[in-house]
Each structure stands twice: as structure tokens, then as C-alpha cells.
Amino acid sequence: MTNKKITIKDGQTNNEIDLPVLDSILGPDVVDIRSLEKNLGYLSHDPGFMATSSCESKITFIDGNEGKLWYRGYPIEELAENSSFVETAYLLLNDKLPNINELNNFSNDISKSMNVDSSVLNMIKVFDKNSHPMAIMTACLTYLSAKYHSDIDIQNKDYRYNSTINLIAAVPIMAAWILNFIHDNDFGQPNQELSLAENFINMSFPNISEEQKKLSSKAMDIIFLLHADHEQNASTSTVRLSGSSETSPYAAIAAGISTLWGPTHGGANEAVINMLEEIKNSDKDVEYYINMAKDKENPFRLMGFGHRIYKNYDPRAKIIQKIAHEYLKKLDESNPNKPLFDIAMKLEKYALEDDYFVSRKLYPNVDFYSGIVLKAIGVPQSMYTVIFALARTVGWVAHWNEMIEDKNFRIGRPRQLYTGKSKTSYIKIEDR
Ligand code: SDX
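Predicted model, so just to flag it, every value in this text is computed and none were measured.

## Here's the deal with the nonpolar core
Right, on to step 1. Membership of the largest hydrophobic core comes to 124 residues, with the highest contact counts inside it found for Met174 and Phe200.
Right, on to step 2. At 16 residues, the largest contribution of residues to this core is made by helix H7 (residues 157-182).
Right, on to step 3. Here Met174 is in contact with Val116, Val120, Met137, Cys140, Leu141 and Leu144, once residues within four sequence places are set aside.

## What to know about the side chain of Asn180
Right, on to step 1. Position of Asn180 among the secondary structure elements: in helix H7.
Right, on to step 2. Once you skip the residues sitting within four places of it in the chain, Asn180 turns out to touch Asn185, Asp186, Phe187, Met203 and Ser204.

## Re the sheet that holds strand E6 (residues 74-75)
Right, on to step 1. In space, the three strands of this open sheet follow the order E4-E5-E6, with antiparallel pairing throughout. Every interior strand has two partners, whereas the edge strands, strand E4 (60-63) and E6, have only one.
Right, on to step 2. When strand E5 (residues 68-71) meets E6, the two strands line up antiparallel, connected through two bridges. Each residue of the ladder has a partner; that of Tyr71, found in E6, is Tyr74.

## Some thoughts on the sheet that holds strand E2 (residues 16-22)
Right, on to step 1. Pairing within the open sheet is antiparallel, and its three strands lie in the order E1-E2-E3. In this open sheet, the two strands that pair with only one neighbour each are strand E1 (5-9) and strand E3 (30-31).
Right, on to step 2. In terms of strand pairing, E2 meets E3 through two bridges, oriented antiparallel. The partner of Val21 across the bridge, within E3, is Val31.

## Observations concerning the packing of aromatic side chains
Right, on to step 1. Within the structure shown, the criterion is met by 12 aromatic pairs.
Right, on to step 2. Between Phe85 and Phe224, the aromatic rings sit 5.2 Å apart at their centres with planes inclined by 65°, giving edge-to-face as the arrangement. Note that Phe85 is positioned in helix H3 (residues 85-94) and Phe224 in helix H9 (residues 210-226), a separation of 139 residues in sequence.
Right, on to step 3. Exposure remark for Phe85: the relative accessible area of 2% places this residue in the buried category.

## A few points about a nonpolar patch on the surface
Right, on to step 1. A cluster of nonpolar side chains, Ile6, Val31 and Ile33, forms an exposed patch at the surface whose accessible area comes to about 200 Å².
Right, on to step 2. With respect to the helices and strands, Ile33 occurs in the loop between E3 and helix H1 (36-40).

## Quick word on the pattern of salt bridges
Pairs may arise between side chains of opposite charge once their charged atoms sit close together.
Right, on to step 1. Overall, the coordinates contain 21 salt bridges when judged by the stated rule.
Right, on to step 2. Salt-bridge contacts for Arg240 lead to Glu402; the nearest nitrogen and oxygen are separated by 2.6 Å. A residue pair is termed long-range when its members are at least 10 positions apart, and Arg240 in helix H10 (residues 234-243) and Glu402 in helix H18 (residues 384-405) qualify at 162 residues.
Right, on to step 3. Among the salt bridges present, the one from Glu277 reaches Lys375, with a minimum N-O distance of 3.2 Å. Taken together, the residues span a long stretch of sequence, with Glu277 in helix H12 (residues 268-281) and Lys375 in helix H17 (residues 366-377) at a distance of 98 residues. Here Glu277 and Lys375 have matching classes, each one buried.
Right, on to step 4. Each of the salt bridges in this network shares a partner with another, and the network as a whole consists of Lys4, Asp23 and Asp29.

Definitions and cut-offs
Residues numbered from 1 in each chain as written. Predicted model: local features only at pLDDT ≥ 70, side-chain atom pairs only at ≥ 80, totals over all residues. Heavy atoms only, no water. Core = buried A, V, L, I, M, F, W, Y, C linked by side-chain atoms within 4.5 Å. Buried < 20%, exposed > 50% of the residue type's maximum accessible area, 1.4 Å probe, protein only. Helix = DSSP H or I, 4+ residues; strand = E, 2+ residues; numbered from the N terminus. Contact = heavy atoms within 4.5 Å. Pairing = 2+ DSSP bridges. Phe/Tyr/Trp six-rings, centres within 6.5 Å; stacked < 30°, edge-to-face > 60°. Patch = residues over 30% accessible without salt bridge, like charges linked within 9 Å, V, L, I, M, F, W, Y side chains within 5 Å. Areas by Shrake-Rupley, 256 points an atom, 1.4 Å probe, with all protein chains shown as cover. Salt bridge = Lys/Arg side-chain N within 4 Å of Asp/Glu carboxyl O.

Here it is, written out as C-alpha cells:
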């Protein structure tokens with residue numbers, strides 16, 4: 001703990017107070033404003049939390065200006081090159097890379113939890129076939145929160161470990177069940193000898209060739225790894241705030257899934273392909289859409305471009321871009337996706353050269369390329385954000401555990417700037 005501080009002075013009263021500065025290992029240090037109201041009578045105000053640290057965390061570091069993303073200090077590029085989704089999940093949860101025994105034990109615990117209770121299938125079948133898969137997945141988590149409600153014990157380490165493993169294993173299996181449900185296919189069952197990515201591909205695409213299964217499972221495992229965590233993004237902040245009331249972890253994850261669903265967050269990968277389809281089917285060219293995106297009066301946004309934190313290239317986008325380009329190289333002219341991907345490459349070129357995008361540092365983000373790879377694998381668009389959610393479940397439970405183990409753990413309760421009416425007396429309806 002250093003004695004660094006900042007002094008602020010109230011211009012109205014000349015009162016001044018010192019606020020401690022807390023050291024960040026990387027990134028900006030933070031001003032601890034917890035005494036501001038008591039000592040100076042003010043709250044801080046930061047709609048959208050653009051400049052607010054909501055917690056202390058050791059899990060993920062992002063440097064948006066440098067385009068850096070580190071999981072527990074390990075650069076995402078090195079993990080994508082050398083690690084796997086399950087090993088990275090262990091790292092995010094335990095703040096260390098596992099040795100071979102630790103990895104085997106962790107993988108076995110996950111494999112044992114892959115046998116999701118088949119009563120979940122009855123719940124999935126209640127939905128219309130054209131229901132959005134994110135709605136069905138949210139319901140699956142709520143169903144599990146009911147099923148496992150009786151043994152909730154948030155402060156118990158074993159309870160937290162078992163819930164963590166259950167969630168990491170169950171969400172990918174339920175994702176495959178949901179995909180098969182909307183495709184009217186057999187639900188299938190997981191194979192405990194296979195990884196979560198291999199099970200997702202095997203269960204979702206049982207009839208593709210072994211070679212295609214291998215290629216798609218590898219791409220899927222990297223996509224899971226890249227989407228596993230991203231510090232205090234909207235859905236992770238939701239899981240933290242929801243979990244801070246000591247609710248069921250399954251219910252807190254359901255809240256995270258609902259937040260991720262939005263098109264400006266995890267829903268962007270689906271929105272990217274919808275946008276490419278719209279451009280492909282319209283009589284307008286790419287330039288027309290680029291100009292629409294640049295028009296302040298027009299709410300149209302180029303899906304898959306820009307980021308709240310990255311004002312440089314999203315490092316995940318660079319990694320997925322390579323996979324996307326590998327898939328694109330394999331596409332022959334007859335492939336129905338070719339026109340779509342040609343449009344994507346034109347948009348990418350514009351965004352990297354046009355001053356509107358370059359000056360605002362609106363680079364292609366992870367969702368721009370993941371939508372292209374998932375489309376190439378054959379995943380239905382409506383399932384893209386479910387895949388994002390299944391991967392981000394690892395980050396969500398890592399933050400949930402870190403929050404509960406934090407010595408300052410308490411329920412979160414943001415404040416507000418009230419600009420409503422002063423005290424107003426009730427008027428009877430006959431006098432209104
Ligand atoms: C994810 O938080 C996370 O970490 C999220 C995520 C994760 O892993 O959890 O990384 C996953 O959500 C990635 C982002 C996916 N979303 C999209 O691709 C949707 C399209 N992107 C935009 O909606 C937007 O870029 C956001 C929401 C991502 C970021 O919005 P900001 O930070 O509020 O951006 P901004 O409004 O401050 O933009 C600055 C300028 C504005 O123009 P000016 O006022 O300067 O003239 O850039 C413009 C914006 O109008 N702008 C865009 C644009 N994004 C921003 N213009 C056209 N197209 C866009 N996509």
C-alpha cells in the first residue's frame with residue numbers, strides 16, 4: 001500500500017480532502033473515492049462506467065491503446081498458439097497454468113459434469129422452433145438454478161467449485177442440444193472422452209467427415225479460448241452485480257447471458273452476418289453502407305467494428321482473422337458463402353483505410369471475424385452469441401469466485417444523480 005494520494009478542493013467551501021491512490025500493477029492507478037461523500041458530501045458521476053473501476057481483479061488485463069489482452073498475465077496470442085480452452089479455463093480460475101496431473105483432474109471433473117440432466121431437454125422442447133437460442137439458453141440456466149437451489153452455499157468453497165465445473169461443462173452441451181432442437185435433429189449425448197469443443201462439433205454436426213470435425217473442433221476450441229474472458233465488460237459486470245446478492249450462480253450466469261445477447265455486446269457476431277446478408281441482398285453497394293455508418297444522423301453502425309476499450313486492433317480479431325482467411329482460401333467460387341465473405345473483405349479494407357474509421361480507431365473486432373468463421377463451419381447465425389456465452393461462462397465464473405473470495409465482498413449498490421421532482425403532495429383524482 002503506498003501513500004500516494006490526490007487532494008481535491010471544494011470550490012464552494014474551500015474544504016479539501018485527500019483521496020488515496022491505489023496502485024494498479026498495469027494500467028491506470030485508481031483513486032479510492034469511498035470517503036468522498038462522508039468527507040466532502042459528494043458522489044462521483046460516471047454514466048456507462050467509462051472511467052470507473054468497479055472492483056479489484058487479477059484475472060484479465062486489457063490495454064486498449066496497445067491492443068493487449070492478457071489472461072492471468074499470459075498474452076492471448078501465446079495461449080491461442082499453445083494452450084487449449086480447458087487449460088485456459090484452469091488458468092483463469094486458478095491463476096496458474098496446470099501441471100499434467102492438475103489438468104487431467106480438472107478435465108476429468110468437467111467430463112463427469114458433461115452428463116447434463118436430461119430433464120433440461122423437456123425444458124428446451126417447450127420453446128417454439130424459431131425461438132432465439134439465447135432465450136432458450138437463459139431459460140436452461142434458470143431451470144438449473146431451480147434444480148440446484150436447495151444446496152446453495154455461496155461461502156462454501158466446495159459448493160463454488162462444483163457449481164463452477166457444472167456450469168463450464170453444462171453450457172456447451174446445452175448449446176449443442178439447442179442447435180439440434182432448432183434444426184430438428186436428434187439431441188445427441190456428449191462423449192466424456194472428448195473435449196467440450198469436440199463434443200459441441202460432434203453433437204451439432206454428427207454427419208460431417210472426421211477431417212472436417214477435426215478442423216472445426218480446432219477452430220471452435222480457439223474461438224472458445226479467445227472469448228473466455230474480457231475483464232469488466234457489460235455481461236461480466238452483470239454477473240458480478242447479480243452474484244453480489246449471493247443469489248444462485250446459475251441465476252447470476254442467466255443474467256450474464258441476457259446482457260451478452262445485446263447487439264452492441266456479444267450479439268454483434270450475429271449482427272455482422274445479418275449486416276453482410278443485408279448488403280448482399282440489397283441493390284446498394286458496400287460504399288452506400290459505409291457512408292450510412294459515417295452519417296451522424298443515421299443510427300446504422302458497422303457491426304463488428306469499434307470497441308469501448310480497444311482503440312487499436314482487438315488482438316483476438318487478429319488471431320481469428322487468420323482462421324477466417326484460412327477458411328476463405330478454401331472457398332471455391334461455387335460456395336454460397338463466397339459473396340458474403342467478399343463483402344466482408346471489402347468492409348475490412350474500407351475500415352482500415354477510410355479516415356472516418358481510422359481517425360476513430362474503429363478496427364474490426366473479435367465479432368467481425370468470429371461471425372465469418374462460425375458461418376464457414378455451418379453454425380446457424382442465431383447460435384453465434386450462444387457460442388460466445390458458452391465460452392464466456394468461464395470468465396463469468398472466474399469473476400464470480402474472485403468476487404466472493406475478495407475480503408471486501410459485499411452486495412453492490414450503485415448510487416445516482418437525482419434530477420426528478422422535489423417533494424410533491426398527492427392530488428385526489430377528482431381534483432386533477
Ligand atoms: C464486444 O466490453 C467488452 O469487452 C466487449 C467485448 C467482450 O469481449 O466482452 O469485447 C465483446 O462487445 C465487442 C464489441 C461488439 N460490438 C459491435 O461490433 C457493435 C458495433 N460497435 C459499436 O456499437 C461501438 O463501437 C461499440 C458499442 C462497440 C463501442 O461504442 P462506444 O465505445 O460507445 O463508441 P463511441 O460511441 O464512443 O464511438 C466513438 C465514435 C462515435 O462517432 P463520433 O461521435 O466520434 O462522431 O465512433 C463512432 C461513434 O458514432 N462509432 C461507429 C461505430 N462504433 C463507434 N461508427 C460506425 N460504426 C461503428 N461500429
